[in-house]
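Single-letter residue listing:
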Amino acid sequence: MVAACVLLGAVAPARPQVVQNFVPVTPEMLLNPAPGDWLMFSRTYDAQRFSPLKQINKQNVGSLRLAWSRGMTPGQTESVPLVHDGVMYVINPGAVIQALDGATGDLIWEYKRKVPSGVALMARPKSLAIYQDVILYTAPDSYVVGLDARTGELRWQTKADERGHTSGPIVVNGKVITAGTCVGGLRANCYIAAHDALTGKEVWRFYTTQDDKDPAGDSWNGAPVDKRVASTWALPGSYDPVRKLLYWGIANPTPNTRADRHAGNPDGTARSAPADLYSNSTVALNPDTGKLVWYYQHLPGDDWDMDINEERTLIRTAVSPDPKFVKWINPDIPRGQVHDISVNVGEGGGLWALDRGTGQFLWALPFPFDTPNFILSKIDVKTGKTYINWDMVLKHPGEHKVICYLNTRSYWPTAYNPEKNALYVPYLDTCLDMTSAVPAGTPGQPEAREKRFGVPRPGSDPDARVGLAKINMSTGEIQHFSTGTHATSTGAALATAGDLVFWGDLNRRLRAFDAGTGKILWEQIVGGPISVSTISYAVKSKQYICVMTGDNLAVPGLLGDTNFAGVTPEFKVSHGHNAIYVFTLP
C-alpha cells in the first residue's frame, strides 16, 4: 500500500473565492439525496439516472430555453458533473476541476493539476465524487485526489501505481472506490481500490484477473499471471446499502483474441464460463474489505474486445420474462416473484438480469436484436452459464467474421424510470467486421495486421440504425423508439419524474422524448456533439437540464469505423466545441 501524501495549498485555486454556506455531504445524503442534487455519476447508488424533479414535464417541455452556457478547455471530455446545493462541480479536459454557480455558470473556484500537457489533454475520467467537504478526483497522473469542496485547495493525494484513470470514483462507507485501465498490460496495474475519503490512505485492492491463489481456480489455463489483464476503464460501480454489496463491471481480457492470450491457440481457454476470469463479468464485492462475494461472467474468453463493463443498474421488480421477448429464462424462478436485480447492457450487445443478492441468473436476451452472429451461442438457463459463439471466433490467421454487436452502447449511461419499470437504452445497430492478423512467416499468406471496423447488422433497417429502446424490466418487452435522426451518440440517457427522457446525439441535437410513447417533444441545437453528461438538478426550487458537448475518443470510431459518415454524407461532426449548456423554463 502507498501512504497518502498530504500537501496543503500545493496548488492554489485560480481565484480566491469560496462556496458560501457549504453543507457537508453525509453518508445519509448519499443514500437519499435531495431531489435537486446530483451527487454521483448516475445520481444515486443504484445507477438509475432518474431525477425526481417534475417542474419540467410533458406539458411544458416545449418551452425550455437556454439558461446559460460556458466554454470548457480543449481535449477529451467524457464526464458527468456533480451538483450539490446549487453548486456544480465539473471536470474540464486538461486536468482542471471547477466549481460553478448552478444558476448562472459563474466560476467560484478552479483547480489545475500540474501534469504533462499531453497526458492532461488525453485524460478522460468519467466522474467526480463528493463526501463531507471533499471532492474526489481520479487524476490522469494515476493519483487519487481529494480537494476542498469550498475552495478547490488540495487536501491529499495518493499514488495508485500506474493505473490509468479513465473511470471515476464512488464513495461508500467513507471510502472512495476507484478503478481504471491496466497500464503496461500488467496485472499489477489492474485493480479496483478503496481509499479513506478524508485522508487518502489505501484500505484495500481487488485485482480484476485471477492469480494462481484465487479460490475460483485458474480459468486462464496457465497463461502468465503477470500478463493477465481485464480493465475497469469505464463507468464506476453501484452499491446496494441493504446487502452491503458493491457491484462493478469488468471489461474484456487483453490481448483481444483468445489465440493471442493463449500461445496461438484459440481453444487455449474454455468455450463456456468460467474462462479468463474476471473479464466481462459482474463482481459483487464487500465494500469494507474488497473481498469477492459473487461473480457472473457474461461472456467467457472474449475474442473480439466486447467490453461488458458499463454500469450495473439496481432495481426491484417482479420477474415475469415473456418468452415472446426473452430468449433465455431461468425456469426455476417462480413467475411474478419479486427480486432485487442487477441489470446491465454490454458494449457488444446483450442484456442480463441477475439476482443481486446471490448473482443467480434470472433472464437474458440478445440486444438490440437477435442475430445468429451474436457473441453468445447459448446460456444454460438453470445455471446461467454462458457459451461463446464458437462460430464467430477467429481461429486461423487472416480469417474474417462479422460479429454482433459493436459499440451498440458504451460508457454513456442508460436510464431507468421506476414509475414505468422501464430501462431506456440508446443503441446503434452495428456489428464488428473483423479479420485476424497474419503473422510473418505464415505459409501462403503475406503478413498483415488485424483489421476491425463497423458495419450495419446483416438485414438491418438502414433508416433505423440508431434508436432508443424502452425495455420493460419485468417482461423483457422492448419498444424501439425512433430518435428522429441517423446520427448516433455518446450521450447519456436521463429519465425524469416529468415523464420525460432526455438524450442528445453527435449532430448537436438535444431532445426530450415522451417516456411512454417515445414522441419527440422538444429539440435544441447546441454547438457540438453531446458527450455523456446529461443531468437534471435544481437551484432555489428551479429545475435545470444540463449537457456537455465536445470531443471524446469514441467519436472517430462511431463516425469512421462504422461507416457512419458514408451512410449519412450530409452529417459532419463539429470538433473542438467543448462546452456546458444548461436549460430551464422561462
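Residues numbered from 1 in each chain as written. Predicted model: local features only at pLDDT ≥ 70, side-chain atom pairs only at ≥ 80, totals over all residues. Heavy atoms only, no water.

All right, on to the sheet that holds strand 9 (residues 143-148) then. Overall, antiparallel pairing links the 4 strands, which are arranged 7-8-9-10 in an open sheet. Looking at strand neighbours, the two that pair on one side only are strand 7 (129-131) and strand 10 (154-159), the edges of this open sheet. Strand-to-strand twist in this sheet, taken as the mean axis angle between neighbours without regard to direction, amounts to 20°. One ladder, built from 3 bridges, connects strand 7 with strand 8 (residues 134-138); its direction is antiparallel. Bridging from a neighbouring strand, Ile 130 pairs with Ile 135 of strand 8. (Pairing = 2+ DSSP bridges. Helix = DSSP H or I, 4+ residues; strand = E, 2+ residues; numbered from the N terminus. Axes fitted to C-alpha atoms, helices over the stretch in contact; angles between N-to-C directions.)

On to the side chain of Arg 409, then. Residue placement: Arg 409 occurs in the loop between strand 28 (400-403) and strand 29 (415-417). At a separation of 3.0 Å, a polar atom in the side chain of Arg 409 contacts the main-chain carbonyl oxygen of Val 345. Those residues in contact with Arg 409 that lie beyond four places of it in its chain are Glu 310, Glu 311, Val 345, Gly 346, Glu 347, Thr 414, Val 425 and Pro 426. (Polar contact = N/O pair within 3.5 Å; in protein donor to acceptor, adjacent residues only side chain to side chain. Contact = heavy atoms within 4.5 Å.)

For the rest of this paragraph, the subject is the side chain of Thr 408. With respect to the element layout, Thr 408 can be found in the loop between strand 28 and strand 29. The class for Thr 408 is buried, based on a relative accessible area of 1%. At 2.9 Å, the side chain of Thr 408 forms a polar contact with the backbone oxygen of Leu 428. Once residues lying within four places of it in the same chain are set aside, the contact partners of Thr 408 are Gly 346, Glu 347, Gly 348, Gly 349, Phe 367, Pro 368, Pro 426, Tyr 427 and Leu 428. (Buried < 20%, exposed > 50% of the residue type's maximum accessible area, 1.4 Å probe, protein only.)

It is worth spelling out the nonpolar core at this point. Soluble, globular proteins show a tendency: their nonpolar side chains are buried together. Ranked by internal contacts, the top residues of the largest apolar core, which has 57 residues, are Tyr 89, Trp 109 and Ile 177. Counting 55 residues, the second-largest nonpolar core is a separate cluster that includes Leu 100, Trp 233, Val 547 and Val 573. (Core = buried A, V, L, I, M, F, W, Y, C linked by side-chain atoms within 4.5 Å.)

Under the counting rule described, the total for this entry stands at 2 disulfides. A disulfide bridge connects Cys 182 with Cys 190, and the sulfur atoms are separated by 2.1 Å. One disulfide, between Cys 182 and Cys 190, carries an S-S torsion of 55° and so falls in the right-handed class. Owing to a relative accessible area of 11%, Cys 182 belongs among the buried residues under this scheme. Two residues share a disulfide in this structure: Cys 404 and Cys 431, whose sulfurs sit 2.0 Å from each other. Judged by the sign of its S-S torsion, about 100°, the bond between Cys 404 and Cys 431 is right-handed. (Disulfide = S-S within 2.5 Å.)

This brings us to the sheet that holds strand 6 (residues 107-112). Here 4 strands make up an open sheet; going across it, the order is 3-4-5-6 and the pairing antiparallel. Because the sheet does not close on itself, it has two edges, and the strands there are strand 3 (82-84) and strand 6. Within this sheet the neighbouring strands show an average axis-to-axis angle of 20°, counted without direction. As judged from the 6 bridges shared by strand 4 (residues 87-92) and strand 5 (residues 96-101), these two strands associate in the antiparallel manner. Bridge pairing in strand 5 places Tyr 89 opposite Ala 99.

A word on the pairing of strand 33 (residues 466-472). Consecutive side chains along a regular strand alternate between the two faces of the sheet. Counting buried positions along strand 33 yields 6 of 7 residues, so the element is predominantly enclosed. In this sheet, strand 33 lies alongside strand 30 (residues 422-428) in antiparallel orientation, the contact comprising 7 bridges. From the neighbouring strand, Ala 422 faces strand 33, where its bridge partner is Asn 472. When strand 33 meets strand 34 (residues 478-482), the two strands line up antiparallel, connected through 5 bridges. The partner of Ile 471 across the bridge, within strand 34, is Ile 478. Two successive antiparallel strands, strand 33 and strand 34, enclose a turn made up of 5 residues, where Gly 476 displays a positive phi of approximately 85°.

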